[in-house]
Amino acid sequence: MENAIEIKNLTKKYGKFVALDDVNLSLGKGKIIGLLGPNGSGKTTLFKCLSGLLTYDGDIKIMGKSVGAETKKVVSFLPERTYLDLSMKVEDVFNLFLEFYDDFDVVRAYELLDSLKVDKKAQLKTLSKGTKEKVQLIAVMARQADVYLLDEPIGGVDPAAREFIMHTILTRISDGGTIIISTHLIRDIEEILDEYIFINGSKVFAHGDARAVHEEGKTVDEIFRETFRCF
């Protein structure tokens, strides 16, 4: 079966600084994958390469196609920091996504919004940090994409918000999408992971089966801590 993502010899430099160093990965369809590493390890840079926001050396294929206009149609990216105008209303956000993305499911977006009991007329600047992040997550996850890139989706939000985020992610994976979650909060997402990737110092140094780790009576968080003691 064709993989969702194939990365070969991916290298990204900012001047003399190497942000990603000869990364090679094959990621299957319909998986939830944790991209795990400390701050500054290259996670966001990898996401920006996959989403077509950065140029790079090497080769990336998403759903069999090289990164470009066609892959942007099937990749939905949630950045760590909001890029939305805080003067916008929630419904403005959804209208913006509906205008830009043919695969945006506006009915699903409003169903998820209703579950939060958030007024679609509310301005983003009037919402709490956690609610703003949930609105942006809804917009990203309401796309019927093949690949979802979620950069620190649970960082800085309360437990109730994290529960909503996890539920939204699991609902989308049931539709067959591949979801990559970047985070350093491993314990909070571990239970939903199929696979894990450890990245640090610009290099990917582990890619494994999270379910197999659990069957051995261990946790991905424990493996991560053991591995990172070497650094």
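Each remark here, short or long, concerns the structure printed above.
Here is what the cut-offs are and how they apply
- Residues numbered from 1 in each chain as written.
- Predicted model: local features only at pLDDT ≥ 70, side-chain atom pairs only at ≥ 80, totals over all residues.
- Heavy atoms only, no water.
- Phe/Tyr/Trp six-rings, centres within 6.5 Å; stacked < 30°, edge-to-face > 60°.
- Buried < 20%, exposed > 50% of the residue type's maximum accessible area, 1.4 Å probe, protein only.
- Helix = DSSP H or I, 4+ residues; strand = E, 2+ residues; numbered from the N terminus.
- Lys NZ or Arg CZ within 6 Å of the ring centre and 35° of its normal.
- Core = buried A, V, L, I, M, F, W, Y, C linked by side-chain atoms within 4.5 Å.
- Contact = heavy atoms within 4.5 Å.
- Axes fitted to C-alpha atoms, helices over the stretch in contact; angles between N-to-C directions.
- Parallel < 35°, antiparallel > 145°, perpendicular 65-115°, else oblique.
- Left-handed = near helix turned anticlockwise from the far one by under 90°.
- Nonpolar A, V, L, I, M, F, W, Y, C, P; charged D, E, K, R; others polar.
- 1 Å grid on protein atoms, 1.4 Å probe; cavity = no way out; pocket = protein on both sides within 12 Å on 5 of 7 lines; lining within 4 Å.
- Points joined across faces, edges and corners; volume = space filled by probe spheres on them.
- Pairing = 2+ DSSP bridges.

Trainee: Can you walk me through the packing of aromatic side chains in this structure?
Mentor: Aromatic rings considered in pairs are described by the distance between their centres and by the relative angle of their planes. A full pass over the atoms with the stated rule returns eight aromatic pairs. Seen from their ring centres, Tyr-196 and Phe-198 are 4.8 Å apart, and the 35° between their planes marks the pair as tilted. Residue Tyr-196 is classed as buried on the basis of its relative accessible area, which comes to 11%. For Phe-198, a relative accessible area of 1% corresponds to the buried category. Aromatic side chains Phe-198 and Phe-224 sit 5.1 Å apart centroid to centroid with 80° between the ring planes, which places their arrangement in the edge-to-face category. Residue Phe-198 is found in strand 9 (residues 195–200), and its partner Phe-224 is found in helix 9 (residues 220–228); the two are separated by 26 residues along the sequence. On the basis of relative accessibility, which here comes to 13%, the residue Phe-224 falls in the buried class. Members of the aromatic cluster, connected to one another through ring pairs, are Phe-94, Phe-97, Tyr-101, Phe-104 and Tyr-110. In this arrangement the basic side chain of Lys-120 is found over the ring face of Tyr-110, its NZ or CZ atom lying 5.7 Å from the centre.

Trainee: Sorry if this is basic, but what is going on with the nonpolar core here?
Mentor: Buried together is how nonpolar side chains tend to be arranged in soluble globular proteins. Counting residues in each nonpolar core, the largest one holds 47 residues, and the members touching the most others are Phe-94 and Leu-150. Discounting residues that sit within four places of it in the chain, Phe-94 has contacts with Phe-104, Ala-109, Tyr-110, Leu-113, Val-135, Ile-138 and Ala-139. Counting residues in each nonpolar core, the second largest holds 25 residues, with Leu-25, Ile-33, Val-75 and Leu-149 among its members.

Trainee: Mind showing me how you'd approach the packing of helix 3 (residues 90–100) against helix 5 (residues 129–141) here?
Mentor: Relative orientation of the contacting elements helix 3 and helix 5 amounts to 25°, with a least axis distance of 10 Å. When the axis of helix 3 is compared with that of helix 5, the two are roughly parallel. Note on packing geometry: the crossing formed by helix 3 with helix 5 is right-handed. Mapping the contact onto sequence places Val-90, Val-93, Phe-94 and Phe-97 in helix 3 and Val-135, Ile-138, Ala-139 and Val-140 in helix 5. Across the contact of helix 3 with helix 5, the residue classes break down as eight nonpolar, no polar and no charged.

Trainee: For this particular structure, what's the right way to read the layout of surface pockets?
Mentor: Left-over empty space is what a probe sized like a water molecule reveals as it rolls over the atoms. Computed from the structure, the largest pocket encloses a volume of approximately 370 Å³. Residue lining of the largest pocket: 16 residues in total, with Leu-53, Val-75, Phe-77, Tyr-101 and Arg-143 positioned closest to the centre. Looking at the lining of the largest pocket, the elements with two or more residues in it are helix 2 (69–72), strand 6 (75–78) and helix 3. Residues belonging to the lining of the largest pocket are distributed by class as follows: eleven nonpolar, three polar and two charged.

Trainee: When you look at the environment of Val-213 in this model, what are you seeing that I'm missing?
Mentor: Looking at the element boundaries, Val-213 is found in helix 8 (residues 210–215). Sequence spacing of Val-213 and Ile-223 is ten residues, and the spatial spacing of their C-alpha atoms is 8.4 Å.

Trainee: Would you mind showing me how to read the sheet that holds strand 4 (residues 57–62) here?
Mentor: Strands pair in a sheet through their backbones, by hydrogen bonds, and they do so in one of two ways: parallel or antiparallel. What the four strands build is an open sheet, ordered 2-1-4-5; its pairing is antiparallel. Looking along the sheet, the strands with just one partner apiece sit at the ends: strand 2 (17–27) and strand 5 (65–66). Across the sheet, helix 1 (residues 43–50) is in contact with strand 1 (5–14), strand 2 and strand 4; its angle to strand 1 comes to roughly 115°.

Trainee: Would you mind showing me how to read the packing of helix 3 against helix 4 (residues 106–116) here?
Mentor: Two quantities define a packed helix pair, namely the angle between the helix axes and the distance between the axes. In the contact formed by helix 3 and helix 4, the axes pass within 10 Å of each other and the chain directions differ by 155°. Taken together, the axes of helix 3 and helix 4 lie roughly antiparallel to each other. Where helix 3 crosses over helix 4, the handedness of that crossing is right-handed. Where helix 3 approaches helix 4, its residues Val-90, Glu-91, Phe-94 and Leu-98 are matched on the opposing element by Val-106, Ala-109, Tyr-110 and Leu-113. By residue class, the composition of the contact of helix 3 with helix 4 is seven nonpolar, no polar and one charged.

Trainee: Whenever I open this one, the sheet that holds strand 7 (residues 147–151) confuses me. Can you help?
Mentor: The strand order across the open sheet formed by six strands is 6-7-8-3-9-10, and the pairing between neighbours is mixed. Of all the strands in the sheet, the pair left with one neighbour each is strand 6 and strand 10 (203–209). Geometrically, the sheet is characterised by an average inter-axis angle of 15° between neighbouring strands, direction not taken into account. Both strand 7 and strand 8 (residues 178–183) contribute to a ladder of five bridges, which runs parallel. In the strand pairing of strand 8, Leu-149 is matched with Ile-180. Seen against the sheet, helix 1 touches strand 3 (32–36), strand 6, strand 7, strand 8 and strand 9 and runs at an angle of roughly 150° to strand 8.

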